[in-house]
Amino acid sequence: MKDRILVTGGTGYIGSHTVVELQNAGYDVVIVDNLSNSSADVVDHIEQITGIRPAFEEKDCRDFAALEDVFKRYEGIKAIIHFAASKAVGESVQKPLLYYRNNVVSLLNLLELMPKYNVRGFVFSSSCTVYGQPDKLPVSEDAPFKKAESPYGNTKKINEDILRDTVHSGAPVDVILLRYFNPIGSHPTS
């Protein structure tokens, strides 16, 4: 049996490219996405590229019961790659509560479900916004964190803190934080 990976936000730009690479590497992928910033047609495009249709669940990660249903239906999830987040800096200033609710609650729900379903691996899509206005460019990983300049950036900082605290508590979870600026490019088939 192939290792099963859950990709939240898997129909988004970064998520869909990740799903393609995971499937090409032999993983069984389950996508969870509420389609708030993408389209279900992306699943068709992933299938056209890889020849494999990933499992797709149109669910919102803020909905604990709906998310738990995914864990029940797709047994044996080995790891989660969490891309599901609201991501527009300007919008986050206008709608901060939407960003806190979506970005933080989604993470909390996943972390609560992981031990119950023996999921250990977790990759978190963070952001270089956790560095605030950096003192020098390019930013290196040892740059100090500064005050976030938007609710979006603050949710990424808060989520990194939650993950760090969870790991330090001894919870059975292995975490990787991905921090990046604006990814660009397209799949060669585009």
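Residues numbered from 1 in each chain as written. Predicted model: local features only at pLDDT ≥ 70, side-chain atom pairs only at ≥ 80, totals over all residues. Heavy atoms only, no water.

Asker: Mind showing me how you'd approach the packing of helix H5 (residues 96–116) against helix H6 (residues 151–168) here?
Answerer: Relative to each other, H5 and H6 sit at 20°, their axes nearing to 9 Å. By the angle between their axes, H5 is roughly parallel relative to H6. The way H5 lies across H6 gives a crossing that is right-handed. Between H5 and H6, the contacting residues are Pro96, Tyr99, Tyr100, Asn103, Val104, Leu107, Leu108 and Leu111 on the first element and Pro151, Tyr152, Asn154, Thr155, Ile158, Asn159, Ile162, Leu163 and Thr166 on the second. Partitioning the contact of H5 with H6 into residue classes produces 12 nonpolar, five polar and no charged. (Axes fitted to C-alpha atoms, helices over the stretch in contact; angles between N-to-C directions. Helix = DSSP H or I, 4+ residues; strand = E, 2+ residues; numbered from the N terminus. Parallel < 35°, antiparallel > 145°, perpendicular 65-115°, else oblique. Left-handed = near helix turned anticlockwise from the far one by under 90°. Contact = heavy atoms within 4.5 Å. Nonpolar A, V, L, I, M, F, W, Y, C, P; charged D, E, K, R; others polar.)

Asker: Honestly, the sheet that holds strand E4 (residues 77–82) in this entry has me stumped. Any pointers?
Answerer: Neighbouring strands of a sheet are bound in pairs by backbone hydrogen bonds; such pairs are parallel or else antiparallel. A sheet is described by the order of its strands in space; here six strands give the open sequence E3-E2-E1-E4-E5-E6, paired in parallel fashion. Sheet topology places strand E3 (55–58) and strand E6 (174–178) at the edges, where each strand pairs with a single neighbour. When strand polarity is set aside, the average angle formed by the axes of neighbouring strands in this sheet is 15°. Inspection of the sheet shows E4 paired to strand E5 (residues 121–125) by four bridges, in the parallel sense. Across the sheet, residue alanine 79 finds its bridge partner in E5, namely glycine 121. Contacting strand E1 (4–8), strand E2 (28–33), E3 and E4, helix H3 (residues 64–73) crosses the sheet at an angle of about 165° to E2. (Pairing = 2+ DSSP bridges.)

Asker: For this particular structure, what's the right way to read the pattern of salt bridges?
Answerer: Oppositely charged side chains can pair when the atoms bearing their charge come close. Overall, the coordinates contain 16 salt bridges when judged by the stated rule. Two residues, glutamate 68 and lysine 116, come together in a salt bridge whose shortest N-O distance is 2.6 Å. Pair noted here: glutamate 68 is in helix H3 and lysine 116 is in helix H5, with a separation of 48 residues, a long-range link. Judged by its relative accessible area of 55%, lysine 116 falls in the exposed class. The partner of arginine 164 in a salt bridge is glutamate 160, with the nearest N and O atoms 3.4 Å apart. (Salt bridge = Lys/Arg side-chain N within 4 Å of Asp/Glu carboxyl O. Buried < 20%, exposed > 50% of the residue type's maximum accessible area, 1.4 Å probe, protein only.)

Asker: Is there a simple way to think about the packing of H3 against H5 in this case?
Answerer: For any two helices packed against each other, one specifies the inter-axial angle together with the distance between the axes. Between H3 and H5, the least distance of the axes is 10 Å, while the angle of their chain directions is 35°. Note on packing geometry: the crossing formed by H3 with H5 is right-handed. Packed against H3, whose contacting residues are Phe64, Leu67, Glu68 and Phe71, the element H5 presents Asn109, Leu110, Glu112, Leu113 and Lys116 at the interface. Per-class residue counts for the contact of H3 with H5 are five nonpolar, one polar and three charged.

Asker: I would appreciate a short explanation of the environment of valine 20 in the present structure.
Answerer: As for its placement among the helices and strands, valine 20 is situated in helix H1 (residues 13–24). Taking the C-alpha atoms as reference, valine 20 lies 6.1 Å from isoleucine 46; in sequence the two are 26 residues apart.

Asker: How should unusual backbone geometry be read in this particular structure?
Answerer: In the segment running from leucine 137 into proline 138, the intervening peptide bond is cis, with an omega of -5°. In the Ramachandran plot, leucine 35 falls in the positive-phi region, its phi being about 60° despite a non-glycine side chain. Tracing the chain through its elements places leucine 35 in the loop between E2 and helix H2 (41–50). With a phi angle near 55°, asparagine 118 is a residue other than glycine that sits in the positive phi range. Relative to the helices and strands, asparagine 118 resides in the loop between H5 and E5.

Asker: Just checking my understanding: could you explain the environment of proline 151 for this structure?
Answerer: With respect to the helices, strands and loops of the structure, proline 151 is situated in helix H6. Residue proline 151 is classed as buried on the basis of its relative accessible area, which comes to 15%. In this view, proline 151 contacts Ser92, Val93, Pro96 and Tyr100; residues no more than four positions away in its chain are not counted.

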